[in-house]
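Structural description and commentary
Okay, here's what each chain looks like letter by letter:
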Amino acid sequence: MSNERGSNPNGIPSSTASPLPRKGHGAGPRQKQKPKDMLGTLLKIWAYLSNYRGRLGLILILVLISSVLGLLGPFLLGYAIDRFIGAPDHGGLVQLIVLLACVYVVHSIALWLQNIWMIRISQQAVSQMRKELFQSLHRMPVSFFVKRQHGELMSRLTNDMDNVSSTLNSSFIQLSSSVLTFVGMLGMMLWLSPTLTLITLLIVPLMYFGMKWITNRTGKYFKEQQRNLGDMNGFIEETFSGQKMVKAFSQERKVTAQFIEKSERLREAGCWAQMYSGFIPKLMNMLNNVSFAIIAGAGGLMAVYGMITIGVIVTFGEYARQFTRPLNDLANQFNTFLSAIAGAERVFEILEQDPEAKDEGQAMPIHEIRGEIRYEDVSFAYEKDMQTVSELNFHLAAGQTAALVGPTGAGKSTVIHLLSRFYDPDEGTIYVDGVDIRQITRDSLRSHMGFVLQDPFLFQGTIRDNIRYGRLEATDEEVEQAAELANAHSFISRLSCGYETLLDAEGSGISQGQKQLISIARAILADPSILVLDEATSSIDTVTELKIQEALYRLMRGRTNIVIAHRLNTVRQADVIVVLENGRITEQGNHNGLMDKRGFYYGLVQSQFEEVIV
Ligand code: ATP
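Nothing here was measured: the structure is a model prediction, and the numbers come from that model.

Reading the values: rules and limits
Residues numbered from 1 in each chain as written. Predicted model: local features only at pLDDT ≥ 70, side-chain atom pairs only at ≥ 80, totals over all residues. Heavy atoms only, no water. Helix = DSSP H or I, 4+ residues; strand = E, 2+ residues; numbered from the N terminus. Buried < 20%, exposed > 50% of the residue type's maximum accessible area, 1.4 Å probe, protein only. Contact = heavy atoms within 4.5 Å. Near = heavy atom within 4 Å. Polar contact = N/O pair within 3.5 Å; in protein donor to acceptor, adjacent residues only side chain to side chain. Areas by Shrake-Rupley, 256 points an atom, 1.4 Å probe, with all protein chains shown as cover. Nonpolar A, V, L, I, M, F, W, Y, C, P; charged D, E, K, R; others polar. Pairing = 2+ DSSP bridges. Axes fitted to C-alpha atoms, helices over the stretch in contact; angles between N-to-C directions. pLDDT = per-residue confidence, 0-100.

Turning our eyes to something else, we now look at the overall build of the protein. In terms of helices and strands, the protein carries 19 helices and twelve strands. The buried share among the 614 residues of the protein stands at 46%. Contacts in the protein between residues far apart in sequence, at least 24 positions, make up 79% of those at least 6 positions apart.

Moving on, we get to the site of the ligand. Close contacts around the ligand come from 13 residues, with T408, G409, K412, S413 and T414 the closest. K412 places a side-chain nitrogen or oxygen 2.9 Å from an oxygen atom of the ligand. Within the side chain of T414, an N or O atom sits 2.5 Å from an oxygen atom of the ligand. Notes on the ligand: free accessible area 630 Å², of which the protein chains cover 62%. Examining the composition of the shell around the ligand, we find that three residues originate from one element, helix α10 (residues 412–419), more than from any other. Class assignment of the residues belonging to the shell around the ligand gives a composition of five nonpolar, six polar and two charged.

Let's shift gears to the sheet that holds strand β2 (residues 389–396). In spatial order, the strands read β2-β1-β4-β5; together these four strands make up an open sheet with antiparallel pairing. Strand pairing shows two members of the sheet lacking a second neighbour, β2 and β5 (435–436), which therefore form its edges. Relative to β5, strand β4 (residues 427–432) is paired through two bridges, and the arrangement is antiparallel. Directly across from V432, in β5, lies its bridge partner V435. Packing of α10 onto the sheet brings it into contact with β1 (373–380), β2 and β4, and relative to β1 it is tilted by some 110 degrees.

To continue, consider the sheet that holds strand β12 (residues 584–589). Here we have six strands laid out as an open sheet, ordered β6-β9-β10-β3-β11-β12, and mixed in their pairing. Only two strands of the sheet have a single partner each, and these edge strands are β6 (449–452) and β12. Across the sheet, the mean angle separating the axes of adjacent strands is 20 degrees when strand polarity is ignored. Summarising the sheet, strand β3 (residues 401–405) and strand β11 (residues 576–581) pair through four bridges and their orientation is parallel. Paired with L404 across the two strands is V578, which belongs to β11. Against the sheet, helix α16 (residues 542–556) makes contact with β3, β6, β9 (530–534) and β10 (560–564), and its axis sits at roughly 155 degrees relative to β9, the strand it touches most.

To continue, consider the confidence of the model for the protein. Of all residues in the protein, 89% attain a pLDDT of 70 or more, and the chain-wide mean is 82. Confidence, expressed as mean pLDDT per element, reaches its minimum in the protein at helix α4 (residues 142–146) with 72 and its maximum at β1 with 95. Low pLDDT, under 50, characterises residues 1–31; the predicted model gives this stretch 91 contacts beyond four residues in sequence or across chains. Counted against residues more than four places away or in other chains, residues 609–614, with its pLDDT under 50, gives 16 contacts.

This is the structure:
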């Protein structure tokens, strides 16, 4: 059998996705976090930015130019007043106006260029990070996903990366320009008039305490607003995904009332948060005006006594009005900056996780397998000291079918997880065609395996794409042939868009049975040597059920099959029935042999009046 069969670029087992339970998608509201190791994280971000060192240097020069030009404008204005009032010089005035215009134009160009370059650099760095994060997630062992909420992981790829990206866009420039402008302005002010500088500085503590008073209040309301928003979003998601239940239990009125209550709470918190935060610019403006008035008054007085010129007062007034801006920018930027660093930390946390254990040094890809399987003294525990399966021993010749039966939690799925190498046994060995599966690369082992699960995995795309997932290079004809063999062709043809019908991840729009048929078609197309089948327990209408059974028998023919069996019919026809209880094999053999034994299996069959067992 060819190695291409069922292989896919993600290394996901052929025909369908992992047979592991999936956790909920709702990430829930996430509070803004403070970084744990700011310096360490900044250095890690720098590792991505350092590829663009040259361009970052140019940006810094541009920031320096724009900051100096920003300071030069008010200075030239003051100079013009002192120089030309009282001693008109038209030529000089025109020259100065042209110079001023040039200063403002070059200032704007420098700002524009630094923004564009920074956006490019940050987008490239973040795109690289996002790519690495995605690759890294795909290298994680299955246990990593079992322990985490999918929504939470998705939020790292989207929200956190977004935060890092937008902060990189603006923070680097903003922080450096704020610091430069502040230092430059302070220097100029001290040079022009230390007394007026002192008066201007007096306003700073007032601003600081005013801001602190407001942010203390807004912080509380913003947090509440976030929490209420998260709560409301979760509620909306829950009621939409549980629409059928809401309708079936006539809960529409109740959920609407609950929604209104949550929405009211959000409105209340939102109102206060917006009101307080809207107050910040007003307060700043007021304090700025007060400071301007004090400077004008004190400066005027000093001018009367000849201590300074009118031009200096104008320059000073302009600087004083702008003086708080870099402080303000720094304060605002700092919060966003902190939350972006915290986001980056969450991203690096995954990038630094141990990926799925590498294939052993001597592991080789396997190109063809017959499908003989042997478990030899296999023991395994998910959690230390809680043995899940112990001393499993069974043998399955190529082309045979094994039925795993046993009570819930007995370890049936674990047997399969070990064969797929989602986990490796703690003790003992599993052989495929006589080769220890640890000596086979994971990708190549999984490319020979197909999975048909109780709740088939469908993704957003057409029915054709969903079937083709089994073998990406299959032609349209091959896809349709597989659907035909899976008894899916007739229902697909009846759909108005046929094979081009779009499915979503939930597979809404088609029935549970039809989903199964699609996943069987996918497995037929993948043509694996070893088939893992988890029989559905949910009842499906008799006609579809028969179609599924027929398609499954067709699929199983000529392969080695391991079936987590729920139907007596399947069990009866299996070559080897493996009875698992509390992680141990208590009985094994064929139907007749086990019935003769009159043990657990016998009791199980006897106790079932219906066809479906366990
Ligand atoms: P069912 O018929 O209900 O699917 P099963 O026979 O397939 O059950 P397993 O899913 O193999 O049983 O689980 C065997 C035991 O291992 C159970 O006690 C289960 O709680 C535990 N278990 C399964 N997966 C994990 C995991 N990822 N981490 C920790 N324990 C687990």
